[in-house]
Amino acid sequence: MSSVEEMPEYQLTTGIVKYFEDIRINFDKYIKYQKTEIDGQVMDYKLKMKKEQLQINYLIDDLYGVQSERGLSNNIGGIAQHHRDINLRRRQFEERLEELSRNYEEKEKIIRELQDFELHYRDKAEKARERKVKIQEAKTTTIEDLTKGIVNYNYLGFTFIKVSNGLRYV
């Protein structure tokens, strides 16, 4: 009964059916194993994705923190906003300082001009005082002093004659 022709028909069918059942059992085991493996890989992938998402969220929070700190985000405040405010105030102070410096220089120029003006008129006033003193001294000269002067000039050889508005040397 070594050949297929010698085997009864039911044995042939039974062997094939058993063979196919064994293949089916092995195939089911294989599919179950593969499904278990794939489910494990899917779980590992989901865990990995969850960890990566947590890390991304952490990095995003850090980025928002840095942006907020530097004033790059839409939120008001942060170091960068403070830095911009300080720079703005510094520029305003520098502009004010320049304006005050210009005003100071203009005032200094006016003061120098006034000092020059004052010095000029002080000199004029001093000269006027000197002339006034001379005029006052001339007014205090008496007729007696003039007579003595004429006598002394006559003694020296000078002669004077009286004219309408004073004396004249002859």
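Provided above is the structure to which this section pertains.
Residues numbered from 1 in each chain as written. Predicted model: local features only at pLDDT ≥ 70, side-chain atom pairs only at ≥ 80, totals over all residues. Heavy atoms only, no water.

Student: Is there a simple way to think about the overall build of the protein in this case?
Tutor: Of regular secondary structure, the protein possesses three helices and two strands. Considering the protein as a whole, with its 170 residues, one finds that 2% of them fall into the buried category. A sequence separation of at least 24 residues applies to 0% of the contacts in the protein between residues at least 6 apart. If you sum the accessible surface of the protein, you get close to 16,300 Å²; carbon and sulfur atoms cover 58% of it. (Helix = DSSP H or I, 4+ residues; strand = E, 2+ residues; numbered from the N terminus. Buried < 20%, exposed > 50% of the residue type's maximum accessible area, 1.4 Å probe, protein only. Contact = heavy atoms within 4.5 Å. Areas by Shrake-Rupley, 256 points an atom, 1.4 Å probe, with all protein chains shown as cover.)

Student: Teacher, can you tell me more about helix H3 (residues 143-156) here?
Tutor: Helix length check: H3 (14 residues) gives 20 Å between terminal C-alpha atoms against 20 Å at 1.5 Å per residue, within 8%. At the exit of H3 stands glycine 157, carrying a positive phi of roughly 105°. (Expected span 1.5 Å × (residues − 1).)

Student: Is there a simple way to think about the packing of aromatic side chains in this case?
Tutor: A ring pair, where both rings are aromatic, is described by two values, the distance of the centres and the angle of the planes. With the rule as written, the count across this model stands at three aromatic pairs. Geometrically, the ring pair formed by tyrosine 153 and phenylalanine 158 is edge-to-face, given 5.8 Å between the ring centres and 80° between the ring planes. Its relative accessible area of 30% is what places phenylalanine 158 among the partly exposed residues. (Phe/Tyr/Trp six-rings, centres within 6.5 Å; stacked < 30°, edge-to-face > 60°.)

Take it as geometry only, folks, not as evidence of what the structure does.
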